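Observations on chain architecture
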Amino acid sequence: MKDVSALKPPPFARIGDSISLVSTPALVLDLDAFDANTQRMAELARRHGVALRPHAKAHKSTAIALRQLELGAVGVCCQKMSEAYPFVAKGVLSIHISNEFVGADKVAMAVELANYVRLSVCVDHPAQVDALGRAATQAGVVITVLPEVDIGQGRCGVKGNDALAALVDRIALYAGLRFGGLQAYHGGIQHLSTWEQRKEAAANAAHATAQYVQFLAARGIQCEVITGGGTGTAEFDVSSGVYTEIQPGSYVFMDGDYGSKDWLGGWKPAHSLYIASTVMSTAKPGLAVCDVGLKGVAVDSGLPVLRPGDHGGHLQYKAANDEHGILQIAAGDTQDYLGSRVYLIPGHCDPTANLYQQYVGYRRDVVECIWEIDARGLSQ
Ligand code: PLP
Ligand code: MN
């Protein structure tokens, strides 16, 4: 009998190969565009004296986080407690969990992580403060707590001065907790259609945030950190005079949804992330079926679009099945696309990245690096 226990597929990409040889589906990264995006956001924050703490949930990759830190980021945000582990293991020294959490399992992770990094977390209920406060105090660690205030999203975060004051007072009861300021994030306004709409909404969000800051200041409580903002409002948040820190994530990749917005007057990051796909069937006239379906691209923010200019604009992604992507061929085009390569811009980068194990970075069509998506699936 042959020993099959070590049998596994060959590597799907090799450094030095042409990008056209990468086995599809693959998540590929245009490094020139990626470099430009990461540098530009770092400059934007630096120019305004605001800290940049990129959201790592967008990419879930320690290689990318380390690049962001090299360019001046003060640390990263994670959305989940377990998601933080790979970043800590690779030496990221400051992590903000920009989300609420509850339960002994999550509290235990927070306390463990706080042994190794400067950890800050969000709360919006006194019971969260009590659970974390007891555990942190008992373990002899100090965790920074940023109560989240709801500045319009209507998701998490307290609304009203009294609820905020109750949290701040509660935090002060525990030696293992330290009040660090506020998280004020408004996700809904990130994706407004026009630059003008986002500008106005960001101003309103900053104003709502400032009122909480002033309320605390009147009680003698200073906020060291006011963190929030994403790709859609970063350029307004840095000059708001309210935020001390921004936490954009998607700007490194620029997905199809963000790409479809109007950036008139502002800075539009470049698309850097594509899904390389191959047309595997052309049995039906007018259709080309590619190998990227629901298991290769998140469609919550719309279907993927082909890289502009490719194939004369004749192919359009019309429907996603589990492992089939249905491309419609423009009327009158009689070319047989079997075996053709297509590059898809995902509608939403965060959940798409979570479907893959690696990024294949390329420059001028040559594979330059393969980066692990090492926090992939870590959603606890
Ligand atoms: N901060 C928080 C709390 C978020 O939930 C998100 C994304 O949903 C971000 C920052 C980053 O936003 P974006 O990827 O749109 O830049
Ligand atoms: Mn997103």
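These figures come from a predicted structure and were not determined experimentally.

1. Looking at the site of ligand 1
For ligand 1, the set of nearby residues contains 15 residues, the closest of which are Lys57, Thr231, Gln247, Ser250 and Tyr258. The contact in question runs from an oxygen atom of ligand 1 to an N or O atom on the side chain of threonine 231, over 2.6 Å. Note that an oxygen atom of ligand 1 is positioned 2.8 Å from one of the backbone N or O atoms of glycine 249. Computed on the free molecule, ligand 1 has an accessible area of 400 Å², of which 92% lies beneath the protein chains in the complex. Considering only residue class, the shell around ligand 1 consists of 3 nonpolar, 10 polar and 2 charged.

2. Some remarks on the sheet that holds strand S5 (residues 118-123)
Strand order across the open sheet formed by 5 strands is S3-S4-S5-S6-S7, with parallel pairing between neighbours. At either margin of the open sheet sits one strand with a lone partner, and together these are strand S3 (76-78) and strand S7 (177-179). Direction aside, the axes of adjacent strands within the sheet are offset by 30° on average. In the sheet, strand S6 (residues 143-147) pairs with S7 via 3 bridges, with the strands oriented parallel. Opposite isoleucine 143, over in S7, you have leucine 177 as the bridge partner.

3. Looking at the side chain of serine 277
Within the fold, serine 277 resides in strand S11 (residues 273-281). A polar side-chain atom of serine 277 sits 2.7 Å from a polar atom in the side chain of aspartate 291. Sequence-distant contacts of serine 277, that is, excluding residues within four places in its chain, are made with Thr24, Cys290, Asp291, Val292, Ser340, Arg341, Val342 and Leu344.

4. A word on the domain arrangement of the protein chain
How big an interface is tends to be stated in terms of accessible area lost as the parts join. Domain annotation of the protein chain identifies domain 1 (4-27 + 269-372) and domain 2 (31-254). The C-alpha centroid of domain 2 is placed 33 Å from the C-alpha centroid of domain 1. Each partner contributes to the interface: domain 1 provides 19 residues, whereas domain 2 provides 20 residues. Considering only the side of domain 1, the residues that lose the most area to domain 2 are Pro269, Asp350 and Trp371, jointly responsible for 32% of the buried surface there. Across the salt bridge formed by aspartate 350 and lysine 57, the nearest N and O atoms sit 3.0 Å from each other. Connecting domain 1 to domain 2 are 11 residue pairs in polar contact (both at pLDDT 80 or more). Of all the secondary-structure elements, those providing two or more residues to the side of domain 1 that touches domain 2 are helix H10 (349-353), strand S17 (358-363) and strand S18 (366-372). Across the side of domain 1 that touches domain 2, the residue classes tally to 10 nonpolar, 4 polar and 5 charged.

5. Regarding the environment of proline 86
Inspection of the secondary structure assignment puts proline 86 in helix H3 (residues 84-89). Look at proline 86 and you get buried, because its relative accessible area is 13%. Here the alpha-carbon distance between proline 86 and aspartate 374, two residues 288 residues apart in the chain, equals 6.5 Å. Here proline 86 is in contact with Thr62, Asp374, Ala375 and Leu378, once residues within four sequence places are set aside.

6. Considering helix H7 (residues 195-218)
The terminal C-alpha atoms of H7, which comprises 24 residues, lie 34 Å apart, in line with the 34 Å expected from a rise of 1.5 Å per residue. On its buried face, H7 is in contact with helix H6 (161-171), S7, strand S8 (181-183), strand S9 (225-228) and helix H8 (234-237). Glycine 220, located one to two residues past H7, shows a positive phi value of around 80°.

7. Overview of the UniProt feature "domain: D-serine dehydratase-like" (unreviewed entry) in the protein chain
Using the residue numbers shown here, the UniProt feature "domain: D-serine dehydratase-like" (unreviewed entry) corresponds to residues 272-363. Between the end C-alpha atoms of residues 272-363 the distance is 11 Å, and the span holds 5% helix and 40% strand.

8. Digging into the pairing of S17
Of all the 6 residues making up S17, 6 are buried; the element is thus mostly covered by neighbouring parts of the structure. Where burial is concerned, the two faces of S17 agree: the one with Gln358, Val360 and Tyr362 and the one with Tyr359, Gly361 and Arg363 are both buried. Direction of pairing for strand S1 (residues 26-30) relative to S17: parallel, over a ladder of 4 bridges. Directly across from aspartate 30, in S17, lies its bridge partner tyrosine 362. As judged from the 6 bridges shared by S17 and S18, these two strands associate in the antiparallel manner. Its bridge partner being in S18, glycine 361 is matched across the sheet by cysteine 369.

How each quantity is defined
Residues numbered from 1 in each chain as written. Chains lettered and ligands numbered in written order. Predicted model: local features only at pLDDT ≥ 70, side-chain atom pairs only at ≥ 80, totals over all residues. Heavy atoms only, no water. Near = heavy atom within 4 Å. Polar contact = N/O pair within 3.5 Å; in protein donor to acceptor, adjacent residues only side chain to side chain. Areas by Shrake-Rupley, 256 points an atom, 1.4 Å probe, with all protein chains shown as cover. Nonpolar A, V, L, I, M, F, W, Y, C, P; charged D, E, K, R; others polar. Pairing = 2+ DSSP bridges. Helix = DSSP H or I, 4+ residues; strand = E, 2+ residues; numbered from the N terminus. Axes fitted to C-alpha atoms, helices over the stretch in contact; angles between N-to-C directions. Contact = heavy atoms within 4.5 Å. Domains from an automatic or database assignment. Buried area = accessible area lost by both parts, 1.4 Å probe. Salt bridge = Lys/Arg side-chain N within 4 Å of Asp/Glu carboxyl O. Buried < 20%, exposed > 50% of the residue type's maximum accessible area, 1.4 Å probe, protein only. Expected span 1.5 Å × (residues − 1). UniProt positions renumbered as here; feature names shortened; annotations may be inferred.

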